[in-house]
Protein chains: 2
Amino acid sequence: MVIVYVIITYDVSEKRVAKVNKKLKEYLIWTQNSVFEGEITRTLLKKCLFELENIVDESVDSVSVYEIKNPNHLNKYIFGVDKSFNDMFI
Amino acid sequence: MVIVYVIITYDVSEKRVAKVNKKLKEYLIWTQNSVFEGEITRTLLKKCLFELENIVDESVDSVSVYEIKNPNHLNKYIFGVDKSFNDMFI
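A brief structural summary. (Residues numbered from 1 in each chain as written. Chains lettered and ligands numbered in written order. Predicted model: local features only at pLDDT ≥ 70, side-chain atom pairs only at ≥ 80, totals over all residues. Heavy atoms only, no water.)

**Focus on the pairing of strand E2 (residues 29–32) of chain A**
Residue and element names in this part refer to chain A. As paired strands, E2 and strand E3 (residues 35–41) are joined by three bridges and run antiparallel to one another. Across the sheet, residue Trp30 finds its bridge partner in E3, namely Phe36. Taking the residues between adjacent antiparallel strands as the criterion, E2 and E3 are bridged by two residues, where Asn33 takes a positive phi near 45°. (Pairing = 2+ DSSP bridges. Helix = DSSP H or I, 4+ residues; strand = E, 2+ residues; numbered from the N terminus.)

**Some words on the environment of Phe36 of chain A**
Residues and elements named next belong to chain A. Structurally, the position occupied by Phe36 is in strand E3. Under the relative-accessibility criterion, Phe36 is labelled buried at 0%. Expressed as a C-alpha distance, the spacing of Phe36 and Ser59, which sit 23 residues apart in the sequence, is 22 Å. Beyond its immediate stretch of four places on either side in the chain, Phe36 contacts Val6, Ile7, Ile8, Tyr10, Asn21, Leu24, Lys25, Leu28, Ile29, Trp30 and Thr31. (Buried < 20%, exposed > 50% of the residue type's maximum accessible area, 1.4 Å probe, protein only. Contact = heavy atoms within 4.5 Å.)

**Re the side chain of Lys23 of chain B**
For Lys23 of chain B, the location among the structural elements is in helix H1 (residues 14–25). What makes Lys23 of chain B buried here is its relative accessible area of 14%.

**Examining helix H2 (residues 42–53) of chain B**
Taking 1.5 Å of rise per residue, the twelve residues of H2 of chain B would be expected to cover 16 Å, and the 16 Å separating its terminal C-alpha atoms lies within 8% of that figure. What H2 of chain B keeps buried is the set Leu45, Cys48, Leu49, Glu51 and Leu52 of chain B. Down the axis of H2 of chain B, the buried side of the element spans an arc of 160°, and every buried residue falls inside it. Exposed and oriented more than 90 degrees from the buried face of H2 of chain B are Thr43, Lys46 and Phe50 of chain B. For H2 of chain B, the secondary structure elements touched by its buried residues are strand E5 (74–80) of chain A together with strand E1 (3–11), H1, strand E3 (35–41) and strand E4 (62–68) of chain B. (Expected span 1.5 Å × (residues − 1). Arc of directions from axis to C-beta.)

**Focus: the relation of the copies chain B and chain A**
Mapping chain B onto chain A calls for a rotation angle of 180° and an axial translation of 0.0 Å; the resulting RMSD is 0.0 Å. Look at the turn and shift together and you get a two-fold axis relating the two. Proximity to the rotation axis, assessed at the C-alpha, singles out His73 of chain B in chain B; its C-alpha lies 3.6 Å from the axis. Looking at the interface residues of chain B, 100% of them are also at the interface in chain A, so both copies use one shared face. (Least-squares fit on C-alpha atoms with pLDDT ≥ 70 in both.)

**Remarks on unusual backbone geometry**
Positive phi values are uncommon outside glycine, yet Asn33 of chain A reaches one of about 45°. If you trace the backbone, Asn33 of chain A turns up in the loop between E2 and E3.

**Structural notes on the packing of helix H1 (residues 14–25) of chain A against helix H2 (residues 42–53) of chain A**
Residue and element names in this part refer to chain A. One way to put it is that H1 packs onto H2 with a least axis distance of 10 Å and a crossing angle of 165°. The pairing of H1 with H2 is recorded here as roughly antiparallel in orientation. Two packed elements cross with a definite hand, and for H1 against H2 that hand is right-handed. Between H1 and H2, the residues in contact are Val20, Lys23 and Leu24 and Cys48, Glu51 and Leu52, respectively. Its residues assigned to classes, the contact of H1 with H2 shows four nonpolar, no polar and two charged. (Axes fitted to C-alpha atoms, helices over the stretch in contact; angles between N-to-C directions. Parallel < 35°, antiparallel > 145°, perpendicular 65-115°, else oblique. Left-handed = near helix turned anticlockwise from the far one by under 90°. Nonpolar A, V, L, I, M, F, W, Y, C, P; charged D, E, K, R; others polar.)

**Brief notes about the sheet that holds strand E5 (residues 74–80) of chain B**
Sheet architecture is open: five strands sit in the order E2(A)-E3(A)-E1(A)-E4(A)-E5(B), paired in antiparallel fashion. Unpaired on one side and paired on the other, E2 of chain A together with E5 of chain B mark the two borders of the sheet. Shown here is a sheet whose adjacent strand axes are inclined to one another by a mean of 25°, direction ignored. Where strand E4 (residues 62–68) of chain A and E5 of chain B come together, seven bridges link them in antiparallel fashion. Within the sheet, the bridge partner assigned to Ser62 of chain A lies in E5 of chain B and is Gly80 of chain B. In the packing of H1 of chain A onto the sheet, the strands contacted are strand E1 (3–11), E2 and E3 of chain A, and the crossing angle to E1 of chain A comes to about 170°. Strand contacts of H2 of chain A: E1, E3 and E4 of chain A together with E5 of chain B, with the helix running at about 140° to E3 of chain A, the strand carrying the most contacts.

Encoded structure:
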(Lines give C-alpha, C1' and ligand atoms only; values in the text may rest on other atoms or scores of the structure.)
Protein backbone atom coordinates (compact mmCIF):
# COMPACT_ATOMS: atom_id res chain seq x y z
CA MET A 1 0.00 0.00 0.00
CA VAL A 2 1.55 3.29 -1.10
CA ILE A 3 0.60 6.32 0.94
CA VAL A 4 1.33 9.81 -0.36
CA TYR A 5 0.74 13.29 0.95
CA VAL A 6 -1.41 15.28 -1.41
CA ILE A 7 -2.39 18.92 -1.73
CA ILE A 8 -5.26 19.67 -4.09
CA THR A 9 -6.18 23.19 -5.08
CA TYR A 10 -9.02 24.04 -7.41
CA ASP A 11 -10.27 26.97 -9.39
CA VAL A 12 -13.71 26.01 -10.65
CA SER A 13 -16.87 27.77 -11.73
CA GLU A 14 -18.94 28.95 -8.76
CA LYS A 15 -21.77 26.59 -9.61
CA ARG A 16 -19.49 23.58 -9.11
CA VAL A 17 -17.64 24.74 -5.98
CA ALA A 18 -20.02 23.04 -3.51
CA LYS A 19 -19.87 19.72 -5.39
CA VAL A 20 -16.07 19.79 -5.63
CA ASN A 21 -15.83 20.68 -1.92
CA LYS A 22 -18.16 17.86 -0.93
CA LYS A 23 -16.22 15.35 -3.00
CA LEU A 24 -12.80 16.38 -1.67
CA LYS A 25 -14.11 16.30 1.91
CA GLU A 26 -14.74 12.59 1.46
CA TYR A 27 -11.02 12.00 1.04
CA LEU A 28 -9.01 14.90 2.42
CA ILE A 29 -8.92 17.66 5.00
CA TRP A 30 -10.00 21.17 4.14
CA THR A 31 -7.21 23.67 4.77
CA GLN A 32 -8.48 27.03 3.55
CA ASN A 33 -10.31 28.54 0.64
CA SER A 34 -10.04 26.07 -2.23
CA VAL A 35 -7.29 23.91 -0.74
CA PHE A 36 -7.53 20.37 0.58
CA GLU A 37 -4.73 18.13 1.79
CA GLY A 38 -3.84 14.98 3.62
CA GLU A 39 -2.34 11.52 3.56
CA ILE A 40 -4.02 9.15 1.17
CA THR A 41 -3.31 5.86 -0.54
CA ARG A 42 -2.57 6.01 -4.21
CA THR A 43 -5.63 3.87 -4.89
CA LEU A 44 -7.98 6.23 -3.08
CA LEU A 45 -6.33 9.23 -4.71
CA LYS A 46 -6.99 7.73 -8.13
CA LYS A 47 -10.61 7.09 -7.15
CA CYS A 48 -10.94 10.65 -5.84
CA LEU A 49 -9.50 12.20 -9.01
CA PHE A 50 -11.64 10.00 -11.22
CA GLU A 51 -14.77 11.16 -9.40
CA LEU A 52 -13.60 14.78 -9.53
CA GLU A 53 -13.12 14.56 -13.26
CA ASN A 54 -16.79 13.72 -13.55
CA ILE A 55 -17.74 16.86 -11.65
CA VAL A 56 -15.52 19.53 -13.17
CA ASP A 57 -15.74 20.99 -16.65
CA GLU A 58 -12.23 20.55 -17.96
CA SER A 59 -12.71 23.25 -20.58
CA VAL A 60 -13.00 26.00 -17.95
CA ASP A 61 -12.16 24.60 -14.50
CA SER A 62 -8.71 23.81 -13.16
CA VAL A 63 -7.56 21.36 -10.50
CA SER A 64 -3.92 21.14 -9.39
CA VAL A 65 -2.69 18.01 -7.65
CA TYR A 66 0.61 18.08 -5.73
CA GLU A 67 1.65 14.62 -4.69
CA ILE A 68 4.54 14.34 -2.24
CA LYS A 69 5.94 10.85 -2.17
CA ASN A 70 7.16 11.01 1.39
CA PRO A 71 5.51 13.34 3.93
CA ASN A 72 8.90 13.67 5.65
CA HIS A 73 9.99 15.75 2.68
CA LEU A 74 7.28 18.27 3.34
CA ASN A 75 7.60 21.13 5.76
CA LYS A 76 4.32 22.92 6.32
CA TYR A 77 3.70 26.07 8.25
CA ILE A 78 0.86 28.50 8.55
CA PHE A 79 0.92 32.08 9.55
CA GLY A 80 -2.12 34.02 10.56
CA VAL A 81 -5.25 32.06 11.36
CA ASP A 82 -5.22 28.28 11.04
CA LYS A 83 -8.62 28.07 9.37
CA SER A 84 -8.72 24.29 9.19
CA PHE A 85 -8.20 24.18 12.95
CA ASN A 86 -11.04 26.63 13.53
CA ASP A 87 -13.20 24.63 11.17
CA MET A 88 -12.90 21.60 13.45
CA PHE A 89 -14.85 23.39 16.16
CA ILE A 90 -17.54 24.97 14.04
CA MET B 1 22.69 27.68 -1.25
CA VAL B 2 19.62 25.64 -0.36
CA ILE B 3 16.86 25.63 -2.93
CA VAL B 4 13.41 24.37 -2.04
CA TYR B 5 10.17 24.01 -3.94
CA VAL B 6 7.43 26.00 -2.29
CA ILE B 7 3.67 26.21 -2.67
CA ILE B 8 1.98 29.15 -0.98
CA THR B 9 -1.77 29.42 -0.68
CA TYR B 10 -3.53 32.30 0.99
CA ASP B 11 -6.95 33.18 2.27
CA VAL B 12 -6.88 36.88 3.03
CA SER B 13 -9.37 39.70 3.27
CA GLU B 14 -10.39 41.03 -0.14
CA LYS B 15 -8.79 44.39 0.53
CA ARG B 16 -5.37 42.77 0.87
CA VAL B 17 -5.59 40.29 -2.03
CA ALA B 18 -3.97 42.61 -4.59
CA LYS B 19 -1.06 43.45 -2.27
CA VAL B 20 -0.44 39.79 -1.39
CA ASN B 21 -0.61 38.84 -5.07
CA LYS B 22 1.84 41.56 -6.05
CA LYS B 23 4.26 40.52 -3.33
CA LEU B 24 4.16 36.81 -4.19
CA LYS B 25 4.60 37.58 -7.88
CA GLU B 26 8.00 39.06 -7.04
CA TYR B 27 9.20 35.64 -5.90
CA LEU B 28 7.02 32.87 -7.30
CA ILE B 29 4.82 31.82 -10.18
CA TRP B 30 1.07 32.23 -10.03
CA THR B 31 -0.72 28.92 -10.51
CA GLN B 32 -4.40 29.58 -10.02
CA ASN B 33 -6.73 31.45 -7.74
CA SER B 34 -4.78 32.12 -4.53
CA VAL B 35 -1.92 29.72 -5.18
CA PHE B 36 1.70 30.55 -6.01
CA GLU B 37 4.59 28.14 -6.39
CA GLY B 38 8.13 27.68 -7.57
CA GLU B 39 11.74 27.00 -6.77
CA ILE B 40 13.29 29.47 -4.40
CA THR B 41 16.31 29.73 -2.15
CA ARG B 42 15.65 29.49 1.56
CA THR B 43 17.04 33.01 1.98
CA LEU B 44 14.63 34.52 -0.53
CA LEU B 45 11.76 32.51 0.91
CA LYS B 46 12.48 33.96 4.35
CA LYS B 47 12.58 37.45 2.85
CA CYS B 48 9.32 36.84 1.00
CA LEU B 49 7.55 35.56 4.14
CA PHE B 50 8.87 38.41 6.23
CA GLU B 51 7.48 40.91 3.73
CA LEU B 52 4.18 39.03 3.54
CA GLU B 53 3.84 39.14 7.30
CA ASN B 54 3.91 42.92 7.07
CA ILE B 55 1.02 42.89 4.61
CA VAL B 56 -1.42 40.39 6.09
CA ASP B 57 -3.46 40.79 9.23
CA GLU B 58 -2.61 37.66 11.18
CA SER B 59 -5.77 37.93 13.26
CA VAL B 60 -8.02 37.24 10.26
CA ASP B 61 -5.89 36.24 7.26
CA SER B 62 -4.26 32.89 6.67
CA VAL B 63 -1.21 31.93 4.62
CA SER B 64 -0.11 28.30 4.21
CA VAL B 65 3.44 27.53 3.18
CA TYR B 66 4.34 24.06 1.88
CA GLU B 67 8.06 23.64 1.53
CA ILE B 68 9.31 20.56 -0.32
CA LYS B 69 12.95 19.92 0.38
CA ASN B 70 13.65 18.23 -2.93
CA PRO B 71 11.53 18.97 -6.03
CA ASN B 72 12.16 15.37 -7.15
CA HIS B 73 9.85 14.28 -4.37
CA LEU B 74 7.01 16.27 -5.85
CA ASN B 75 4.73 15.00 -8.55
CA LYS B 76 2.47 17.71 -9.92
CA TYR B 77 -0.37 17.36 -12.35
CA ILE B 78 -3.19 19.55 -13.46
CA PHE B 79 -6.45 18.58 -14.97
CA GLY B 80 -8.73 20.94 -16.73
CA VAL B 81 -7.28 24.27 -17.80
CA ASP B 82 -3.70 25.12 -16.94
CA LYS B 83 -4.42 28.67 -15.85
CA SER B 84 -0.83 29.63 -15.17
CA PHE B 85 0.01 28.66 -18.73
CA ASN B 86 -2.80 30.82 -20.10
CA ASP B 87 -1.69 33.64 -17.87
CA MET B 88 1.67 33.75 -19.62
CA PHE B 89 -0.02 34.92 -22.80
CA ILE B 90 -2.43 37.42 -21.33
